[in-house]
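# Examination of the molecular architecture
Read off the chains here:
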Amino acid sequence: MSYGQGGPQSQWDPWKPNSQQPWSSGGGDGTPDWAALAEASETRNRRRRLLFIGGGVVATIAVGTAVAMAVVSANSGDQASGKPTDLPASGALPSGSATAPSFAPTSAPPPLDPKDFISSAKKDTAPLSPETLFPGTQLTMGDTVYKKGATADTQNCASAAGGTLPKILTANGCTRLMRVSYVKDGVAVTVGVAVFDTEAKADKAKTQADKKSIVRSLSGKGVKAFCDAAICRTTTNAYGRYAYFTIAGFTAGKNVTAKDTKVFAAGDDLAEFTFRQIRRRGEAQASAAANR
């Protein structure tokens with residue numbers, strides 16, 4: 001019995017499992033066929049390179065496809081929510097922030113000056129009388145209450161003035177002289193308000209007045225005669241087209257000295273109240289004009 005290789009010899013395939021490597025058929029010493037092994041190794045390496053190259057091509061195509069899809073998606077007109085945008089695919093969004101609407105600056109007219117309405121006869125047209133300037137039956141200044149006495153009103157300004165005042169009033173065109181008296185604890189005060197056509201005339205009368213320029217005291221309605229012969233304290237001032245004068249003294253007829261602070265306080269209170277009333281007259285007319 002001879003021993004040989006039965007059946008066809010198996011072919012070694014490097015890509016098939018359990019295949020046998022070829023051995024040399026010519027040698028009986030079992031030595032491997034090195035040339036065949038080298039050729040098989042080269043064949044195996046060549047197939048591996050082809051597989052790597054093919055995989056790279058596939059990967060490149062896949063990446064290119066993804067980029068193309070991204071470009072198409074970026075150029076599409078759809079938002080993430082699936083709603084179409086208001087801009088075309090090639091449109092550009094406006095740059096910068098929205099500008100707030102601007103408006104032309106406006107300004108309110110300046111408020112009316114109350115003094116303008118009491119500085120001339122043309123504007124000072126509100127009703128005027130001793131009662132409008134000195135209303136009520138008494139006057140309260142701080143903690144002091146004065147009882148109101150008689151009032152008087154005349155267009156003959158010189159007849160209600162004394163000393164150097166009649167000439168001053170006449171020269172500057174005094175059109176009216178109103179008087180009112182107040183009394184408290186034996187001290188009486190008469191206020192005389194002279195009316196002129198303009199502020200300039202009233203200021204001039206005030207400037208020309210001196211210590212001998214007096215308004216005549218007014219008695220009656222609870223106020224005894226005073227300052228007929230005794231020394232009394234006087235003041236002179238002006239505001240707008242009005243010049244106003246005070247004369248203050250004792251109803252007992254005694255002279256006023258620098259120590260008689262009650263007399264000075266009474267004269268100052270009435271002068272201050274007169275100024276306030278003239279100013280309020282201007283404020284009332286300015287307010288009425290602004291609301292027309």
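Right above here is the structure, for reference.
Below or above, wherever it landed, is the structure these notes cover.

On to the overall build of the chain. Assigned secondary structure in the chain consists of five helices and eight strands. Going from the N terminus to the C terminus, the chain shows its helices and strands as α-α-β-β-β-α-β-β-α-β-β-β-α. Expressed as a percentage of its 292 residues, the buried residues of the chain come to 30%. Within the chain, residue pairs in contact and separated by at least 24 positions form 64% of the contacts whose partners lie at least 6 positions apart. Carbon and sulfur atoms provide 55% of the accessible area of the chain, an area that totals close to 18900 Å².

Before going further, it helps to spend a moment on the side chain of Asp 124. Relative to the elements of secondary structure, Asp 124 occurs in the loop between helix 1 (34-75) and helix 2 (130-133). Side-chain polar atoms of Asp 124 contact the side chain of Arg 241, separated by 2.9 Å. A polar contact of 2.9 Å, which involves the side chain of Asp 124, links it to the side chain of Arg 281. With residues up to four places along the chain from it excluded, the contact list for Asp 124 reads Phe 117, Ile 118, Arg 241, Tyr 242, Arg 281 and Gln 285.

As summarised here, the arrangement of the six strands in space is 1-2-4-5-8-7, forming an open sheet in which the pairing is antiparallel. Edge positions in the open sheet fall to strand 1 (138-141) and strand 7 (233-239), since each of these has one partner strand only. Taking the axes of each pair of neighbouring strands and ignoring which way they run, one obtains an average angle of 25 degrees across the sheet. Sheet topology note: the strand 7/strand 8 (residues 242-250) ladder contains seven bridges and is antiparallel. Residue pairing across strands places Asn 237 opposite Tyr 244, the latter belonging to strand 8. Contacting strand 1, strand 2 (144-154), strand 4 (176-184), strand 5 (187-195), strand 7 and strand 8, helix 5 (residues 261-290) runs over the sheet at an angle of about 155 degrees to strand 8.

Another aspect to go through is the pattern of salt bridges. Enumeration over the complete set of coordinates arrives at nine salt bridges. Residues Arg 276 and Glu 272 are paired through a salt bridge, measuring 3.0 Å at the closest nitrogen-oxygen approach. You can see Arg 276 and its partner Glu 272 sitting in helix 5, four residues apart, about one turn around the helix. Judged by its relative accessible area of 32%, Glu 272 falls in the partly exposed class. Note that Arg 279 is salt-bridged to Glu 283, the shortest N-O span being 4.0 Å.

Unusually for a residue other than glycine, Asp 185 sits at a positive phi of about 50 degrees. Inspection of the secondary structure puts Asp 185 in the loop between strand 4 and strand 5. One non-glycine residue with positive phi stands out, namely Cys 227, at about 60 degrees. Examined against the element boundaries, Cys 227 turns out to sit in the loop between strand 6 (213-215) and strand 7. Exposure remark for Cys 227: the relative accessible area of 14% places this residue in the buried category.

Applying the stated rule across the entire model yields two disulfides. For Cys 227, the disulfide goes to Cys 232, at an S-S distance of 1.8 Å. Around the S-S axis, the bridge from Cys 227 to Cys 232 shows a dihedral of about -105 degrees and counts as left-handed. Once the bonded cysteines of the chain are numbered in order along the sequence, the disulfide links fall as 1-2, 3-4.

Moving on: the pairing of strand 5. In terms of burial, strand 5 is largely enclosed, as nine of its nine residues are buried. Here strand 5 shows a buried face lined by Val 187, Val 189, Val 191, Val 193 and Val 195 and a second buried face lined by Ala 188, Thr 190, Gly 192 and Ala 194. Of the strand pairs in this sheet, strand 4 and strand 5 are connected by nine bridges, and their pairing is antiparallel. By the bridge assignment for strand 5, Val 183 is matched with Ala 188. Between strand 4 and strand 5, which pair antiparallel in sequence order, lie two residues; one of them, Asp 185, sits at a positive phi of approximately 50 degrees. The sheet contact formed by strand 5 and strand 8 spans nine bridges and is antiparallel. Across the sheet, Thr 190 pairs through a bridge with Ile 247, a residue of strand 8.

What counts and how
Residues numbered from 1 in each chain as written. Predicted model: local features only at pLDDT ≥ 70, side-chain atom pairs only at ≥ 80, totals over all residues. Heavy atoms only, no water. Helix = DSSP H or I, 4+ residues; strand = E, 2+ residues; numbered from the N terminus. Buried < 20%, exposed > 50% of the residue type's maximum accessible area, 1.4 Å probe, protein only. Contact = heavy atoms within 4.5 Å. Areas by Shrake-Rupley, 256 points an atom, 1.4 Å probe, with all protein chains shown as cover. Polar contact = N/O pair within 3.5 Å; in protein donor to acceptor, adjacent residues only side chain to side chain. Pairing = 2+ DSSP bridges. Axes fitted to C-alpha atoms, helices over the stretch in contact; angles between N-to-C directions. Salt bridge = Lys/Arg side-chain N within 4 Å of Asp/Glu carboxyl O. Disulfide = S-S within 2.5 Å.

On their own, these measurements won't tell you what the molecule is for.
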